[in-house]
Amino acid sequence: MILIYYYMMAVCVAVIGKDNSPKYIKCLDENTALQFHYKVHTTIDIIEEKLNVGNKTASDVRELFLGLLFSAEDHKIFGYATNTKIKFVVILQSTNTLLRDNEVRTIFKKLHAAYANAVCNPFYVPGDQIKSKLFDLAVMEIMGII
Amino acid sequence: MRSAVSVILSSPVPDNKMSHPDYEQTAHDHAALLLLLKPIGTQIKQKTVARLCERIIKSGSRFNVYDSTVGAREILARFVREHPVENNDWGEFQTHRRLLGLITFGKYDTQTELNELCRLHETLKVKYGATLYDSRAILLGPVESTNLNEPPKSFSTPSNFKTRAVFYADESCPDLEAQIAECLNSLFWILESKRLERSREKIDRVSLLLAPFEKKDFIGLDLESRNNKKRCCGRITKHLGDLCLQAGLPGDALSHYNSAASILQAVNDWLWLGAAYEGLCTASALVLYPNMCRSLPLQRNSSLQEGSPGKQRRGSQAVTLPTPPTIDVLKASMPHILPPEEISKKYREAIIHYSKYQNAGIIETEASFKATRISIEQNCTLQATSFLNNVLFINLTLSEQEKIDRFTTLSELFTSFGFARKASFCLRLAATRHVSQNNPNPDWQQCYNLMLQVTSGFKLSLDPVEMPSDGQRGWPAIQIQVINELVAAANRMGNPALATRHMTFLLQTMFNHLTPQERKDITLQLQAVSQQCEGAPVPLVLDSGTVIPPANLTNIPKTKSFTLKNLQPHLQPQKVERIKEDHGPFLFTPINFGSLERKNTSKSKMDYLWVEGDICEVSMQLINPLPFELHVSNMRLLTNGIVFESIPETITLPAESGPIAVTLAGTPKEVGDLEILGFSTHTLGVKSNCRLRYMENMPHPQYSVEVVPALPRIDVATSLPQTASFSSGDNIVTSASVTLYGGESSECTITITNVGQVPIEMIEISVQSTLDAPTESKIFNWSDENLKTQLPLQPGASASLTLYLYAVVDFLAPTSRNEISSSAYLSQPSSIMSHSGPSSLPSRLSSPSHHTKRQSELTSSFRSGLSSHSGHSSLASTRLSKLAVPLHASNIIEGQLKIKYSGDAGLAAGYCRISSVFVTIEMLPSVQITSWDVLPAETPAQFYLVLDVTNMTNHEMELHYTQTKCIYMEGREPCRIPVPVDRCPLNKLSVLNEGGDSAELERICAEHIASLVDLRWQLLGIESSGKATLSGLTLTQDMLDLVRMSPLQWEITINDIAVKAQDELTCGLGECVSVGVGVCNALEHSLSDLILSINFYQDHQNGVNNYRLDTRLSIAGANKVMLPTLQEYGRAYHECRVVFFTAGQYKIDIQCSSRESTPTALAICSELINAGHTWRYIPPLEITVGEC
């Protein structure tokens, strides 16, 4: 697993609330953080569009992974939405052309699990910013920092 | 989509590339005839041109032409206001890019002007000559011409003017539409003829059609090769398709495109293959979505704008549009039509092919936009997004303006399908392009305007009120950057007011998201900016009409609490007369109507009153969150309703200081309801209106308080020293204290000064204390009349009032006499003399030890003057003692002298103010009567009240107890004094009727004694004097008999000589003395069953009375007689004789007793009183028997 992350280095991980405000955002390089803020922010449009599609079949409803949202020259942006409309966005460097859907899905599953643990904290108020060390650790692992 | 081949396939030919992208194109424009609308000359007004253009576009965008073979053909026309001549070069590649028609507008007044217009028109014709089919000149002249197409009589067109002109005299141009239709018709037919001409050409003989940049590539190539032949053939087929499409034959066009695509694919002619695909797509879209085109009536302002040709959108479709035909029906007539899902697929292919040529970048861009519009029409937003995303990757060397246009168009398209975030992102890029370094003429104004439009996409509302305070709306990091950019743009375009406004907004709304360092930086920037232009809480209106709502700094300083203050207690207005309102029989209703709502509204409405013209205050707590000193000036209250004059306040808050209390004050200038909405501040160079409504953690959005008319104010001073400390009560303004010995009087002068602005017309004085009313009235006394004469009191004037103070103490020490009296009352003692003689007194005199016990009792028990009769009820006495603890426990009496005053309007409105003077009287004991008894006096009209008096002070005392008699007492010395008192006359007792009881009798007697006995004491050391009263004496039945006049009047005769009590009687031994006793009933009712008895006894003066005198005297006649009844005022007489055998002193006890009644007898109350009672002749007669 660790190897996969190493190859698929995420440069930005974001959690977006159901009101589309950021609940958590972490970038590999804090100096260019704003650029990623913009990128994640604009993908909300696409996520919303994907979630809004009315003609989803039953199997589609259960599919939380939204796939590739946006592909830029240097980055690929993937999305994932929980059933409670919490969105996860991961920006991967597209230098690695060997990106496979399954690997990205694994990242999101891990992120979802970490998120679920974070909000299970009885002191967490739904809708607040996520401030959890364990969640931080999980995100950093995804980003390959540790 | 991008491919590296593009570089290989096309060498850069910059001069040939189409440098004027038209982002507004739609797929339908492929089928339209292109016309240029151009005003010429300087005379014509923009407005006129705009109106004429609108009419032309409305009438001419879509028209039908009837053809004998096909029937009706729908032809589209596209009108543009600008057309770069270079774009015509691409006309071979896609025919709709050719400018086919020209319509000019001009106005002339003179012949020279007309000549100039004609010249300009011809110049334009030459400019576009390569492609132009036809042109019209619409000329507005001063006079009407008879023939529209001929100039008016006095004018003539130059000979080289070969254009068909239309001459109008006024701007209404009546048959403009017909003229345009005629022009369009002619254009169509020329086109149709060209199409037919082309279609008849031999395929193998046509020349190669070229895109502008290709010309160089084909130099030196073998034009005769098979490949090239095919290429020529494919391209001309595609070209035919274009013409068919323009000529209203989409079916033919589709088949041409289809065959062209297959030919061109074979020869790898990618560019033209892309064009063929695009043709297929556009033709299909035209058929499938006929309503997508722009031929519809548009709103006036958005129709045509300079520099953006044909800026028209789908979306304003009229209801009357034909419904698009279904694909199945169409498939039958047009076999090559693409189904909807194929269109975008084919378009994608076309774009990929275009992308292989760097010089076709603009074609690719335009194609992407067109494809997007089709996708939008198909409702495939993700498809549309991907087309638009592609646009960003097309590498074009564009001018900054074109880049701006590109981003603006992208933004518009994103907006059109609801991708507000992407739209804002693009628009922001457009804004930055306006001021980028590469831009030769940066335009900060434009940048700012675009930035303003960006805000909505980032969920940024420029009204701080709409921004949630917790910031959970939008992305703070981005929002902060956007605001910063707005600030920068505003600064650079030289509008410091806007910069200040946005900076204020940033601080206000984003404060929680800024790091402390950022906060500091922004605050300092704001201070700098606001020096150029001070921020004020007014909306700013831009030139474009946009209104920037005011931004108020409510976070700096942060308000922790905001509370209205009541006036000081003594200044609070009170209702003069509280009329009890009739609330019905129920004081409480459990029914709560809309409980929540009511609670809220009632709380924000203050339950106290403010007074016009008085300073009213609001207290606040402020927090400075900034790491440096904050100077807040000009703080005032914001009010609504009546006029309120606020007093500006200035404070300096230390860095990061906690809650600091600030009081804002002001004066209401009118009467009515005052609403307090918040306060205004001036800090960091920004004026803010901090309204409670928009502040966090404020319980109420506003407060309202009622203001009553102006009331006077007084200052109160007393002549007595102030109390060191007094229990602070309501509205106490000053205090007075005095020490008095019991029975002493004092005066206190109270000076009332009117310090207000209103004359005092009413003053009412009252006293409030824990005492009961009678005691209170004894202690405090004053003259209301005296005060009334001093009214009205003008402002500045003063009045004085004398308060008389009297120390009321109970001079009687509580003793055990209650038990004595009650037992004496309840059971008539058989021993008759035991309680009345002097011998009985010592038993009730105080021993020293007893005395101290009483002292302690004094502090714990209380006896009012009226309650002595209730001695048998221990319950009652304990209750009383509880009630009266304050009076005697400390001997300090506290009272409040309430001065209720009002005047002028306030009085008219029924309000007054109450100031209180706290009066403390320390009461020291002076004299105390520890016990008392009554003794018969020498005359029957009087008796002696014997008092044991103790001087409770440490001073020497002089006690006057009658007019003439006085006694000196040392400090703490007890003393016994006899006071002669007149007996209580029967007429005082006459109020006692048959129903009266003994308690009442006792009370009357006690009062009688109190009124007659006058004990005046004087302390020799300290020159104070006072008067002790005896109210509250308790008297036993036997005492009562002495105190009151006997109801039976005695007439005693000795030897027929009437005697008086003090008479000395003598007689000799053996002498017969006749004793006559007459009894008169002085009562108003008759007495019955009386026994009159005459007894002789000898008083041994040692407490022993000897009644056994059988050997010493003899009585002749009955010494006891029964009197069955004695009528009211009736008289009975009895006589007997006595002979004394031995010498000595004898006493005669004459008494009259009523028969004892048994408890079982049903006796009425009055009988009970008299029953078993003995009346005695007092003092007993004394007869001295001398030895003869």
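About the thresholds
Residues numbered from 1 in each chain as written. Chains lettered and ligands numbered in written order. Predicted model: local features only at pLDDT ≥ 70, side-chain atom pairs only at ≥ 80, totals over all residues. Heavy atoms only, no water. UniProt positions renumbered as here; feature names shortened; annotations may be inferred. Pairing = 2+ DSSP bridges. Helix = DSSP H or I, 4+ residues; strand = E, 2+ residues; numbered from the N terminus. Axes fitted to C-alpha atoms, helices over the stretch in contact; angles between N-to-C directions. Contact = heavy atoms within 4.5 Å. Buried area = accessible area lost by both parts, 1.4 Å probe. Salt bridge = Lys/Arg side-chain N within 4 Å of Asp/Glu carboxyl O. Polar contact = N/O pair within 3.5 Å; in protein donor to acceptor, adjacent residues only side chain to side chain. Phe/Tyr/Trp six-rings, centres within 6.5 Å; stacked < 30°, edge-to-face > 60°. Buried < 20%, exposed > 50% of the residue type's maximum accessible area, 1.4 Å probe, protein only. Lys NZ or Arg CZ within 6 Å of the ring centre and 35° of its normal. Patch = residues over 30% accessible without salt bridge, like charges linked within 9 Å, V, L, I, M, F, W, Y side chains within 5 Å. Areas by Shrake-Rupley, 256 points an atom, 1.4 Å probe, with all protein chains shown as cover. Parallel < 35°, antiparallel > 145°, perpendicular 65-115°, else oblique. Left-handed = near helix turned anticlockwise from the far one by under 90°. Nonpolar A, V, L, I, M, F, W, Y, C, P; charged D, E, K, R; others polar.

The name an unreviewed UniProt entry gives chain B is Protein brunelleschi, with Cephus cinctus as the organism. Database annotation for chain B, UniProt heading Sequence similarities (unreviewed entry): "Belongs to the NIBP family." Quoted verbatim from the Subcellular location (unreviewed entry) field of the UniProt record, the comment on chain B reads "Golgi apparatus".

As annotated in an unreviewed UniProt entry, chain A carries the name Trafficking protein particle complex subunit 2-like protein and is attributed to Cephus cinctus. According to the UniProt record, the Sequence similarities (unreviewed entry) comment for chain A reads "Belongs to the TRAPP small subunits family. Sedlin subfamily." In UniProt, chain A has this text filed under Subcellular location (unreviewed entry): "Cytoplasm, Perinuclear region".

This next bit is on the sheet that holds strand β16 (residues 660–668) of chain B. All names here are of chain B. Pairing is antiparallel in the open sheet, where 4 strands are placed in the order β9-β12-β16-β14. With partners counted over all chains shown, the strands left at the sheet margins are β9 (558–564) and β14 (644–647), one partner each. For this sheet, the mean angle separating the axes of adjacent strands, direction not counted, is 25 degrees. One ladder, built from 6 bridges, connects β9 with strand β12 (residues 616–623); its direction is antiparallel. Paired with Lys-558 across the strands is Ile-623, a residue of β12.

One frequently used descriptor of interface size is the decrease in accessible area upon assembly of the parts. Tallying the contact residues gives 22 residues for chain B and 25 residues for chain A. Taken over both partners, the interface formed by chain B and chain A buries close to 2,100 Å², and the fraction arising from carbon and sulfur atoms is 65%. Scanning the region where chain B abuts chain A turns up 1 salt bridge. Close ionic contact of Asp-45 of chain A with Arg-421 of chain B constitutes a salt bridge, the shortest N to O distance being 3.1 Å. Between chain B and chain A we count 6 residue pairs in polar contact (both at pLDDT 80 or more) in total.

The next point concerns the packing of aromatic side chains. Under the counting rule described, the total for this entry stands at 24 aromatic pairs over all chains. A ring pair is formed by Tyr-80 of chain A and Phe-108 of chain A, whose centres lie 5.1 Å apart and whose planes are at 10 degrees; its orientation type is stacked. Of this pair, Tyr-80 of chain A sits in strand β4 (residues 75–81) while Phe-108 of chain A sits in helix α4 (residues 101–120), placing them 28 residues apart in sequence. Its relative accessible area of 7% is what places Tyr-80 of chain A among the buried residues. For Phe-108 of chain A, a relative accessible area of 0% corresponds to the buried category. With 4.6 Å between their ring centres and 35 degrees between their planes, Phe-1140 of chain B and Tyr-1146 of chain B make a pair best called tilted. Neither residue differs from the other here; Phe-1140 of chain B and Tyr-1146 of chain B are each classed as buried. These aromatic residues form a ring-pair network of at least three members: Phe-65, Phe-78, Tyr-80, Phe-88, Phe-108 and Tyr-115 of chain A. Lying across the ring of Phe-387 of chain B, Arg-348 of chain B places its NZ or CZ 4.8 Å from the centre. One cation-aromatic arrangement involves Arg-519 of chain B over Phe-511 of chain B; the distance from NZ or CZ to the ring centre is 4.1 Å.

All names here are of chain A. Strand order across the open sheet formed by 5 strands is β2-β1-β5-β4-β3, with antiparallel pairing between neighbours. The open sheet terminates on both sides in strands that have one partner only, identified here as β2 (22–27) and β3 (65–71). Each adjacent strand pair in this sheet contributes to an overall mean axis angle of 15 degrees, direction not counted. Relative to β2, strand β1 (residues 10–16) runs antiparallel, the two sharing 5 bridges. Following the sheet pairing, Ala-14 is matched in β2 by Ile-25. Of the strands in this sheet, β1, β3, β4 and β5 (87–93) touch α4, which is tilted by about 135 degrees from β5.

Together, Leu-28, Leu-134, Leu-137, Ile-145 and Ile-146 of chain A give the surface a local cluster of nonpolar side chains, amounting to about 480 Å² of exposed area. Mapping Leu-134 of chain A onto the fold places it in helix α5 (residues 133–143).

With that settled, the discussion passes to the packing of helix α14 (residues 444–454) of chain B against helix α15 (residues 476–492) of chain B. Residues and elements named next belong to chain B. Following both chains from N to C, one finds α14 and α15 inclined at 155 degrees, their axes separated by 9 Å at the closest point. In terms of orientation, α14 and α15 fall into the roughly antiparallel class. Handedness of the crossing formed by α14 with α15: left-handed. Mapping the contact onto sequence places Trp-444, Cys-447, Tyr-448, Met-451, Leu-452 and Val-454 in α14 and Val-482, Glu-485, Leu-486, Ala-488, Ala-489, Ala-490 and Arg-492 in α15. For the contact of α14 with α15, the per-class residue count stands at 11 nonpolar, no polar and 2 charged.

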